Amino acid sequence: MVFNSDLTKTGVVMSPGYPNPYSPRTHCTYDFQGRGKERVQVVFQDLNLHHTSNGDNGCEGVDSLVAYVDIDRKKEKIYSFCGEKPSRPIMSNGPRLSLEFNGITSSRHSSGFKAVYSFTENFGITTGRQEAEYPCAFVYNSNETRNGTFMSPNYPGLYPRNTECHYFFNGQPTERVHLHFHFFDVEGVMPCEAVSASDFVEFSNYMSRDRKYSRYCGQQKEFDVKSDRKFFRVTFKSNDRYDGTGFNASYVFVDEEGNYTTKPPTSQASTLKGATVLVLLFMSPLLFGRVSL
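The text that follows walks through the structure, step by step, so that each part is easy to find.

Points about the state of the cysteines
A complete count under the given rule lists three disulfides for this structure. The partner cysteine of Cys136 in its disulfide is Cys165, sulfur to sulfur 1.9 Å. Disulfide Cys136-Cys165: the torsion about the S-S bond is 95°, which places it as right-handed. Of the two residues, Cys136 is situated in the loop between strand E10 (129-130) and strand E11 (137-141) and Cys165 in strand E13 (residues 164-170); the sequence distance between them amounts to 29 residues. Disulfide partner of Cys192: Cys217, at an S-S distance of 2.1 Å. On the S-S bond that ties Cys192 to Cys217, the torsion sits near -85°, and the link is left-handed. Of this pair, Cys192 sits in the loop between strand E14 (175-186) and strand E15 (200-204) while Cys217 is found in the loop between E15 and strand E16 (218-220), placing the two residues 25 residues apart along the sequence. The class for Cys217 is buried, based on a relative accessible area of 1%. Here the disulfide map of the chain reads 1-2, 3-4, 5-6, the bonded cysteines being numbered as they appear in the sequence.

Conventions adopted
- Residues numbered from 1 in each chain as written.
- Predicted model: local features only at pLDDT ≥ 70, side-chain atom pairs only at ≥ 80, totals over all residues.
- Heavy atoms only, no water.
- Disulfide = S-S within 2.5 Å.
- Helix = DSSP H or I, 4+ residues; strand = E, 2+ residues; numbered from the N terminus.
- Buried < 20%, exposed > 50% of the residue type's maximum accessible area, 1.4 Å probe, protein only.

Structure representation (structure tokens):
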């Protein structure tokens, strides 16, 4: 079956006869063909494939659904589904995606699968305002909303390969943005450079790279990042080798000038004022007469 974005942007794909059991020796291919910046996202609603518990060979030799994408003009497998495991969303690295369903055995208890597909240009990112000048960029302005969330493409599913996304935070002149990463799983090893073929997340107070911040990759516990300026950039970049779940984070714009006014005064004028009050207290008996005991 072929699904073309020129005909429809979203729809349902399912195994033959769903929700009835599929027949043994069933083989089906589902090709999704988008255009331009479109990515194919598949969100599963049901997955129930016949699976034996003999050994732990993953999805090899059993009823399965396998997802493929094109990398360097070659068909590369990105994920295999089998059994009854809950399935996270998947997303292509470009405008094309292919699913291959192999119903080798089947049984009267195996209903197959059902999923919703969509050709999307927002990479599954539903917050911020998408910037059309970039393939994947989202803008967060404090004059529109002072706090919210942002996440990696296709979160909580695996992020797509060969993908670069920017998140631009714009505050007022006295504002800074504070980020908190609740979940972080980006394939790679520190220091997350090209020599280790690492995917990474990068932070900067400028459009160019900021040496103040080290890159982040691997599995990290919760952590915070703060900007030094009213503008802040977060960049996510994946290569063509491996993938991970990505990240889920929240942001809040903070008025730093307002925070400074709450600090105790430390200027010389304030110190002098305090000394004057102290002298007046000691001089008060001389000014107002003796105190009777």
